[in-house]
Amino acid sequence: MHQNLLIITQFISFLYSLSLLSLQHFTFGYCTMSPAMVMAAKTKQNDNLESQYQKGVKHLCENGINKVPKKYILPVSDRPNMKDRELINVKKQNLKLPIIDFAELQGSNRPQVLKSLANACEQYGFFQLVNHGIPSDVISSMIDVSTRFFELPFEERAKYMSSDMQSPVRCGTSFNQNKDDVFCWRDFLKLMCNPISDVVPHWPSSPVDLRRLMATYAKETKYLFLMIMVSILESLGLVGTTEHKTEEDEILKDFEDGSQLMVVNCYPPCPEPNLTLGIPPHSDYGFLTLLLQDEVEGLQIQHQDKWINVEPIANAFVVNVGDHLEIFSNGKYKSVLHRVSVNPMKSRISVASLHSLPFNYMVKPSPKLINEENPRGYKDTDFSSFLEYISSCEPKRKNFLESRKLC
């Protein structure tokens, strides 16, 4: 018995000496790695992480995370809750976006509603549109199929990932994943919508009803955009009288043939929402954006240097002035900074429908809105100028619009 115990003790001692030898060998090998080898190992590790981030936030969440990766952590000054006191103060004041009743805009109360519309575009750059006429089942189906798309396996979503910004369909992540130093907590599906018959065959084939439901929604929002633009042009004094009828027809024909980009956004639950944003502060490039939200809050607009939460209204659209409309109105109507916050509990879906003139058209201030008191304030611009700009730098705030202003 004593002899057996001695043998076991010697064997354990032998194993321990082997482990020390292995540790010494490992340590010696690591310490003798050249700086180039260490750098190569770190680069490979970083490349692996970067490739994971390029696959999107949903993919990260599906693999299980309980902390926000460093790639998504904003500088302290850019984090969403640095000015939470302002958000609290705004809520106490019960400040809400103007609400435009589209049905009243088509009735006898039109002159008064046009004044409200003009005030919303001048003072806020945003308004909520209710009673717009798009059937509720079209809206609910759009939210539903968008949700189901982002619930597809990653391999299915990955079929549509592309860095080509002119692709008719593009699935991606962040704001501009090719240029963003810090990623934002968003995945997206971008669909070109004009001409609708040409682009739909390129759209995702899963879920099986996606093309049909999204095409219906795209057509409905395009028609609504045209109707809103008639009202906006009238509020600017550019159409609405017999003498302007020919000009009105020409402008509306240009918009009818114009660009429409549909952006379906998915914001998964975030374990540390105070460190990141769904989308950073920015303005939209087009004439108008029609935004459909689910019931989860997230959109915030900047008003009087304060960030305001936009409360979702069931079946309503949040409509905002884009950079092109600010240029066209010669600064009378303003595009406004907005951003998206995220939360730790719920996923959020939104659908932005961005509308403008055809991609090859020049956008410039309307000659009728230029005079001695209000001289021309913007350069001509087109979509290719915008693409060139965002392809050359990280888009921030309203930098593109600022680059189009005349001194």
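Computed from a predicted model, the values in this text were never measured in an experiment.

Undergrad: Give me the packing of aromatic side chains: which residues, what numbers.
TA: Any two aromatic rings considered together are summarised by their centre-to-centre distance and by the angle between their planes. Applying the stated criterion across every chain yields a total of 8 aromatic pairs. Residues Tyr72 and Phe183 carry aromatic rings whose centres are separated by 6.0 Å and whose planes lie at 80° to one another, so their mutual orientation is edge-to-face. Placement of Tyr72 in the loop between helix 3 (57-62) and helix 4 (84-93) and of Phe183 in the loop between strand 3 (169-173) and strand 4 (187-192) is noted, with a sequence separation of 111 residues between them. By relative accessible area, which is 0% here, Tyr72 ends up buried. Relative to Phe150, the ring of Phe149 lies with its centre 5.2 Å away and its plane at 85°, an arrangement referred to as edge-to-face. Across the pair, Phe150 and Phe149 agree in class, each one buried. Ring-pair connections join several aromatic residues into one group, and the members of that group are Tyr53, Tyr72, Phe183 and Trp185. Across the ring face of Phe188, the terminal group of Lys190 is positioned such that the distance to the ring centre comes to 4.8 Å. Positioned above the aromatic ring of Trp307 is the side chain of Arg339, whose terminal nitrogen or guanidinium carbon lies 4.2 Å from the ring centre.

Undergrad: Now, about the sheet that holds strand 11 (residues 338-340): what can you tell me, with residues and values included?
TA: Strand order in this open sheet of 4 strands is 6-11-8-9, and the pairing throughout is antiparallel. Taken across any chain shown, the strands that pair with only one partner, and hence form the sheet edges, are strand 6 (279-282) and strand 9 (306-309). Within this sheet the neighbouring strands show an average axis-to-axis angle of 25°, counted without direction.

Undergrad: So what's going on with helix 10 (residues 210-235)? Residues and values would help.
TA: For helix 10, built from 26 residues, the straight-helix expectation of 38 Å at 1.5 Å per residue is met to within 8% by its first-to-last C-alpha distance of 37 Å. Directly after helix 10, the chain includes Gly237, whose backbone phi takes a positive value near 80°.

Undergrad: For the sheet that holds strand 7 (residues 288-293), give the residues involved together with the corresponding values.
TA: Overall, mixed pairing links the 8 strands, which are arranged 1-2-10-7-12-5-4-3 in an open sheet. Edge positions in the open sheet fall to strand 1 (99-101) and strand 3, since each of these has one partner strand only. Neighbour-to-neighbour, the strand axes of this sheet turn through a mean angle of 25°, independent of strand direction. Sheet topology note: the strand 7/strand 12 (residues 348-355) ladder contains 6 bridges and is antiparallel. Of the residues in strand 12, the one forming a bridge with Leu292 is Val351. The strands that helix 10 touches are strand 2 (126-130), strand 4, strand 5 (260-267), strand 7, strand 10 (317-321) and strand 12; relative to strand 7, the one it contacts most, it runs at about 130°.

Undergrad: Give a detailed account of the side chain of Thr381, specifying residues and quantitative values.
TA: By the element assignment, Thr381 lies in the loop between strand 12 and helix 13 (383-392). At a separation of 3.5 Å, a polar atom in the side chain of Thr381 contacts the side chain of Arg404. If we skip the residues at most four places from it in the chain, Thr381 touches His324, Ile327, Tyr361, Met362, Val363, Phe400 and Arg404.

Undergrad: Describe in detail the packing of helix 7 (residues 136-150) against helix 10, supporting the description with residues and values.
TA: Where helix 7 contacts helix 10, the two axes come as close as 9 Å, and the packing angle between them is 135°. Between helix 7 and helix 10, the interaxial angle falls into the category oblique. For the pair helix 7 and helix 10, the sense of crossing is left-handed. Note on element contacts: helix 10 touches helix 7 through Leu210, Leu213, Met214, Thr216, Tyr217 and Glu220, opposite Val138, Ser141, Met142, Val145, Ser146, Arg148 and Phe149. Considered class by class, the residues forming the contact of helix 7 with helix 10 number 8 nonpolar, 3 polar and 2 charged.

Undergrad: Could you give me a rundown of the state of the cysteines, with the residues and numbers involved?
TA: Scanning the entire structure with this criterion turns up 0 disulfides. Summary of cysteine pairing: Cys266 is not part of a disulfide, and the nearest cysteine sulfur, belonging to Cys61, is at 8.5 Å. Judged by its relative accessible area of 2%, Cys266 is buried. For Cys270, which is in no disulfide, the shortest distance to another cysteine sulfur is to Cys61 and amounts to 7.7 Å. Taking relative accessible area as the criterion, Cys270 reaches 0% and is therefore assigned buried.

Undergrad: Lay out the pattern of salt bridges in plain terms, naming residues and giving numbers.
TA: Applying the stated criterion across every chain yields a total of 10 salt bridges. We note a salt bridge from Arg157 to Glu62, for which the minimum N-O separation is 3.6 Å. Of this pair, Arg157 sits in helix 8 (residues 154-158) while Glu62 is found in helix 3, placing the two residues 95 residues apart along the sequence. Residue Arg157 is classed as buried on the basis of its relative accessible area, which comes to 2%.

Undergrad: Tell me about unusual backbone geometry, residues and numbers included.
TA: Here the bond from Asn194 into Pro195 is cis, since omega is -5°, no more than 30 degrees from zero. Turning to its location among the elements, Pro195 is positioned in the loop between strand 4 and helix 9 (196-199). Here the residue pair Ser206 and Pro207 is connected by a cis peptide bond, since its omega of -5° sits within 30 degrees of zero. The backbone of Gln304 shows a phi angle near 55°, a positive value even though the residue is not glycine. Relative to the assigned elements, Gln304 resides in the loop between strand 8 (299-303) and strand 9.

Undergrad: Requested: an account of the side chain of Arg170, with residues and values cited.
TA: Tracing the chain through its elements places Arg170 in strand 3. Here Arg170 falls in the buried class, since its relative accessible area comes to 7%. Dropping the residues within four chain positions of it, Arg170 is found in contact with Tyr160, Ser162, Ser163, Asp164, Met165, Phe188, Leu189 and Lys190.

Undergrad: Kindly report on the pairing of strand 10, identifying the contributing residues and their values.
TA: Counting buried positions along strand 10 gives 5 out of 5 residues, so the element sits mostly inside the fold. Side-chain alternation along strand 10 places Phe317, Val319 and Val321 on one buried face and Val318 and Asn320 on a second face that is also buried. In this sheet, strand 10 lies alongside strand 2 in antiparallel orientation, the contact comprising 4 bridges. Paired with Phe127 across the bridge in strand 10 is Val319.

Thresholds applied
Residues numbered from 1 in each chain as written. Predicted model: local features only at pLDDT ≥ 70, side-chain atom pairs only at ≥ 80, totals over all residues. Heavy atoms only, no water. Phe/Tyr/Trp six-rings, centres within 6.5 Å; stacked < 30°, edge-to-face > 60°. Helix = DSSP H or I, 4+ residues; strand = E, 2+ residues; numbered from the N terminus. Buried < 20%, exposed > 50% of the residue type's maximum accessible area, 1.4 Å probe, protein only. Lys NZ or Arg CZ within 6 Å of the ring centre and 35° of its normal. Pairing = 2+ DSSP bridges. Axes fitted to C-alpha atoms, helices over the stretch in contact; angles between N-to-C directions. Expected span 1.5 Å × (residues − 1). Contact = heavy atoms within 4.5 Å. Polar contact = N/O pair within 3.5 Å; in protein donor to acceptor, adjacent residues only side chain to side chain. Parallel < 35°, antiparallel > 145°, perpendicular 65-115°, else oblique. Left-handed = near helix turned anticlockwise from the far one by under 90°. Nonpolar A, V, L, I, M, F, W, Y, C, P; charged D, E, K, R; others polar. Disulfide = S-S within 2.5 Å. Salt bridge = Lys/Arg side-chain N within 4 Å of Asp/Glu carboxyl O.

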